[in-house]
Amino acid sequence: MVTDLGGGNTEAEGGPVRHIPVLLKEVLDSLEPKAGKVILDGTFGAGGYTSAILRAGADVVALDRDPTAIAAGQAMVAAHAGHLTLNHTQFSALDRFAPEGGLDGIVLDIGVSSMQIDEAERGFSFQKNGPLDMRMSGAGVSAADVVNRAKVSDLIRIFGFLGEEKQAGRIARAIEKRRATHPFETTRDLAGMIEIVTPRKAKDKIHPATRVFQALRVFVNDELGELAQALFAAERALKPGGRLVVVTFHSLEDRIVKKFFSDRSGKATGSRHLPMVVERLASFEPVGKGLLAATDEEAEMNPRARSAKLRAAIRTVHPAMKADFSIFDLPDLAEIERLGG
């Protein structure tokens, strides 16, 4: 994930972060890849997990919504001819790529990759000046569209919920005032204004714009919605005994995964929309204690791992349940389609 709210030199701030697969040993232990198995890597990125899974002997079906990652991965596809396929798509559609009989495992690493952070023209980092873009796929509504067109009330909700920004109202109103005369175009432009409105204090561990940039990226790419859809798709795509492994980097994402596994294992107490609990046959069983985090050693070597959390579960023989998004209790935010140019 682009943001580490714990401080230090974060990816969101554009620090030099070499791509290192997070929780790699734990991911492999949870997936149990070996010859004869087919594993889907829903977030190919630089291919860190995929490479390790291939070395373990399994075949890999890899997905990525970023055309740059797809192009960069072609050499790996050629090197593992017949054992790796790489598909340009969002991971919410992963069940379309499952072989007949289902997948043996699925791994999802949620968030933006260090490759995207390093490319100033992608607009993910405010310490590398570039267009205010943030689109992982390169298509659709950009962060600039949101900042320059969204209602103040919508910006407040986006910054407050997706970024957990306490100064959401002050920042949103300042954006409205500034964009009336000069629309925002670059990452430094927006970050600079935020720093003026909410100056960095000596005790602050992160730049004042960090949470706003996180919120815009999550909103522009519908990351929470994509994750929710991907979990339902994984439930449909896995064969009995298949394993779903999800690595998250923020409490909002981890909460979605936790609620999904809880609901699918029969531990849920219902949502505010469905308060009555109906007993159902579990479609997933948790692996181990249910939650793993990076060791101190890994966090020291790889700053990206500091906030990482891993949850895993095994698919049972029982049918997939209805894709009920109310279990996640997500708020209604602005309709992104109407913010386009």
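Residues numbered from 1 in each chain as written. Predicted model: local features only at pLDDT ≥ 70, side-chain atom pairs only at ≥ 80, totals over all residues. Heavy atoms only, no water.

- The protein chain is annotated in an unreviewed UniProt entry as Ribosomal RNA small subunit methyltransferase H of Allorhizobium terrae.
- Under Sequence similarities (unreviewed entry), UniProt gives the following word-for-word description of the protein chain: "Belongs to the methyltransferase superfamily. RsmH family."
- Looking at the protein chain in UniProt, the text filed under Catalytic activity (unreviewed entry) is "cytidine(1402) in 16S rRNA + S-adenosyl-L-methionine = N(4)-methylcytidine(1402) in 16S rRNA + S-adenosyl-L-homocysteine + H(+)". (UniProt positions renumbered as here; feature names shortened; annotations may be inferred.)

## Topic: the UniProt feature "binding site: S-adenosyl-L-methionine" (unreviewed entry) in the protein chain
Right, on to step 1. With numbering aligned to this structure, UniProt lists the feature "binding site: S-adenosyl-L-methionine" (unreviewed entry) at G47, G48, Y49, D64, F91, D109 and Q116.
Right, on to step 2. Owing to a relative accessible area of 14%, G48 belongs among the buried residues under this scheme.
Right, on to step 3. Mapped onto the elements, D109 comes out in strand β4 (residues 103-109).
Right, on to step 4. With relative accessibility at 9%, the residue D109 sits in the buried group.
Right, on to step 5. With residues up to four places along the chain from it excluded, the contact list for D109 reads T43, Y49, V247, F249 and R304. (Buried < 20%, exposed > 50% of the residue type's maximum accessible area, 1.4 Å probe, protein only. Helix = DSSP H or I, 4+ residues; strand = E, 2+ residues; numbered from the N terminus. Contact = heavy atoms within 4.5 Å.)

## Details of the pattern of salt bridges
Right, on to step 1. One pass over the structure, following the stated rule, counts ten salt bridges.
Right, on to step 2. With its nearest N and O atoms 2.7 Å apart, the salt bridge here joins E223 to R217.
Right, on to step 3. Using a relative accessible area of 5% as the deciding quantity, one classes E223 as buried.
Right, on to step 4. Salt bridges linked by common partners bring E235, D263 and R264 together as one network. (Salt bridge = Lys/Arg side-chain N within 4 Å of Asp/Glu carboxyl O.)

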